[in-house]
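Here is how the chains run, residue by residue.
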Amino acid sequence: MREVAIIGAYETVHGNHKDRTLRDLVTEAGNGAIKDSGIDRKEIQAVYVGNYAGNEFNAQNTMGSYAANLLGLGDRPAIRTEGACASGGIAMRQGVLAVASGLYDTVLVLGVEKMNGLDPETTMEIVARGQDQDVEGGYCISGPSGFALNAIRHMHEFGTTKEMLATVAEKNYFHGSLNPFAHKQKEISFNNIMRARMVTTPFGFHDVSLVTDASAAVVITTKEKAKSVRKDYVVVKGSGIGGDYFNVALKKDSLSFPASVQAATEAFKMAGVERKDIDVLECHDCFTITEIINIEDLGFVEKGKGGQFTKDGHTRLGGKLPVNTSGGLKAKGHPVGATGVGQVVEMTYQLRDQSEKRQVANARTALTHVLGGPGAVSIVHILQRGE
């Protein structure tokens, strides 16, 4: 397979954009990434779009062709991918594989979600459709209640505490305060996080990710072409995907997400690097417990010790392993279909030394991770500075 590289990256500011349309978000991110790449859009041969529920949030189907058309690429193959919160990650993987296999030389990958605009109850009903509606989704198993089961079990088995969960939120709010693209650009004190109203035990208001509007895009091509386009290209060293049972009742335990373990194993094998080589990573903190479990499943921390590792400050900027320098889903926000692509943009900025106040010094190798639905699908990408 051919080596693949990122030559263009862009994301919109994340937020509750009542004055912006789906069209606005797509055109800003897509055109921004193309401009950043330095190539003519005529060189783009295909478009991959990650989107969870544009048909329900925005009454818009055929999202791949819709986005391609807006970007002056209407006569190119355009594909929409959907895997709940992993939708953007799947689009990225499909684009990477298309270039690596030789199917295309240059493609655009875009993720978008315009979630705000409906009443909150309807929005949450749409979000909950990422689970089996006949068996569980229609009977009170939602994102908060489902991941709360993981939290309670992790607490029971390993002594993980509410304070450890709060540390994840406080750290990600701090990172988000440094990120001009973040939905929540404000620090929130540990004490305020601990005192927040409850959502579902053990989650308080600040343990839950944001409902966000945003779009993000990257232009990927062969490494050989990237060398001729820009000096600070970023190589996609590895790409992995994993799966697990869609129903919570069928899962083996509540302490791990096997899809993440599978995806990480595949990505690291392809990349030919080790965990100790990763300088910075973005992982899926849809809830504070999820970040703790994810750093364990990805192989950075022994199972059961992710909470203490976080509490000790190791995942904060300046720590052993900076996690979610963007602010993560907690502070940057969670525009479901855009999240996976936005993570790649954030890590591309880190590897180009373009992250300003949140820059990880000498970052050379980075990782992105998304988890879709009730832990049913996971995507991991490993990125590295071009040489």
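Look a little higher up for the structure.
Given the structure is predicted, the values throughout are model-derived calculations rather than measurements. (Residues numbered from 1 in each chain as written. Predicted model: local features only at pLDDT ≥ 70, side-chain atom pairs only at ≥ 80, totals over all residues. Heavy atoms only, no water.)

Colleague: Give a detailed account of the overall build of the protein, specifying residues and quantitative values.
Modeller: A tally of helices and strands in the protein yields 14 helices and 11 strands. Relative to its length of 387 residues, the protein is compact, with a C-alpha radius of gyration of 19 Å against a globular reference of 21 Å. Looking at the protein residue by residue over its 387 residues, the buried ones come to 61%. Excluding contacts between residues fewer than 6 apart, the proportion of contacts in the protein whose partners are at least 24 apart in sequence is 78%. For the protein, the accessible surface area stands at approximately 14600 Å², while carbon and sulfur atoms represent 50% of it. Computed over 42 positive and 44 negative side-chain charges, the separation of the two mean positions in the protein equals 4 Å. (Helix = DSSP H or I, 4+ residues; strand = E, 2+ residues; numbered from the N terminus. Rg over C-alpha atoms; globule rule 2.2 N^0.38 Å. Buried < 20%, exposed > 50% of the residue type's maximum accessible area, 1.4 Å probe, protein only. Contact = heavy atoms within 4.5 Å. Areas by Shrake-Rupley, 256 points an atom, 1.4 Å probe, with all protein chains shown as cover. Lys, Arg positive; Asp, Glu negative; His and termini not counted. Charge placed at Lys NZ, Arg CZ, Asp CG, Glu CD.)

Colleague: Report on the packing of helix α1 (residues 22-37) against helix α3 (residues 63-70), specifying residues and quantitative values.
Modeller: Remark: α1 packs on α3, axes separated minimally by 9 Å, with the N-to-C direction vectors making an angle of 60 degrees. Both α1 and α3 take part in a crossing whose hand is right-handed. Residue-level contacts link L22, R23, V26 and T27 of α1 to M63, Y66, A67 and L70 of α3. Its residues assigned to classes, the contact of α1 with α3 comprises 6 nonpolar, 1 polar and 1 charged. (Axes fitted to C-alpha atoms, helices over the stretch in contact; angles between N-to-C directions. Left-handed = near helix turned anticlockwise from the far one by under 90°. Nonpolar A, V, L, I, M, F, W, Y, C, P; charged D, E, K, R; others polar.)

Colleague: Describe the sheet that holds strand β7 (residues 214-222), listing the residues and the values that go with them.
Modeller: Read from one edge to the other, the open sheet built from 9 strands follows the order β3-β2-β4-β7-β1-β8-β11-β10-β9, with strand pairing classed as mixed. Sheet topology places β3 (78-81) and β9 (280-282) at the edges, where each strand pairs with a single neighbour. Adjacent strand axes in the sheet meet at a mean angle of 25 degrees when their direction is disregarded. Lying over the sheet, α3 contacts β2 (46-50) and β3, oriented at roughly 130 degrees with respect to β3. (Pairing = 2+ DSSP bridges.)

Colleague: Can you lay out helix α11 (residues 288-297) for me, pointing to particular residues and giving the numbers?
Modeller: One full turn of an α-helix is made of 3.6 residues, so residues set three or four places apart face in the same direction. Of all 10 residues in α11, 10 are buried, a share of seventy percent or more. Within α11, the full set of buried residues consists of T288, I289, T290, E291, I292, I293, N294, I295, E296 and D297. Along its buried surface, α11 packs onto α6 (143-158), α7 (162-177), β6 (203-204), α10 (258-271), α12 (306-311) and β10 (365-372). Immediately downstream of α11, the backbone of G299 shows phi near 95 degrees, a positive value.

Colleague: How would you sum up the nonpolar core? Please name residues and give values.
Modeller: I6, M92, V109, V218 and I220 are the most contacted members of the largest nonpolar core, which totals 30 residues. Secondary structure elements with two or more residues in this core: β1 (4-11), β2, α4 (87-101), β4 (106-113), β7, β8 (234-243) and α14 (339-351). Here I6 is in contact with M92, V218, V219, I220, Y233, V234, V236, V344, T348 and L383, once residues within four sequence places are set aside. V49, M63, A68 and L110 belong to the second largest nonpolar core, which has 27 residues in total. (Core = buried A, V, L, I, M, F, W, Y, C linked by side-chain atoms within 4.5 Å.)

Colleague: Give me the lowdown on α10, citing residues and values where you can.
Modeller: With 14 residues, α10 should reach 20 Å at 1.5 Å per residue; the first-to-last C-alpha distance of 20 Å fits that figure. Buried residues along α10 sit against β8, α11, β10 and β11 (377-385). Of the residues trailing α10, G272 is marked for its positive phi of about 70 degrees. (Expected span 1.5 Å × (residues − 1).)

Colleague: Talk me through the pattern of salt bridges; I want residue IDs and the actual numbers.
Modeller: With the rule as written, the count across this model stands at 24 salt bridges. Across the salt bridge formed by K225 and E43, the nearest N and O atoms sit 2.6 Å from each other. Of the two residues, K225 sits in helix α9 (residues 223-229) while E43 sits in the loop between α1 and β2, which places them 182 residues apart along the sequence. Looking at E43, the relative accessible area reads 33%, which means it is partly exposed. Across the pair K162 and D207 runs a salt bridge, and its minimum N-O distance is 2.6 Å. Here D207 lies in the loop between β6 and β7 and K162 lies in helix α7, a separation of 45 residues in the sequence. A relative accessible area of 2% places D207 in the buried class. Connected through shared salt-bridge partners, D36, R230, D232 and R352 make up one network. (Salt bridge = Lys/Arg side-chain N within 4 Å of Asp/Glu carboxyl O.)

Colleague: Tell me about the environment of R195, residues and numbers included.
Modeller: Counting through the fold element by element, R195 comes out in helix α8 (residues 190-195). For R195, a relative accessible area of 60% translates into the label exposed. C-alpha separation for the pair R195 and F205, spaced 10 residues apart in sequence, amounts to 9.3 Å. A polar contact is formed between the side chain of R195 and the side chain of N192, at a distance of 2.8 Å. (Polar contact = N/O pair within 3.5 Å; in protein donor to acceptor, adjacent residues only side chain to side chain.)

So yeah, pure geometry; function would need other evidence.
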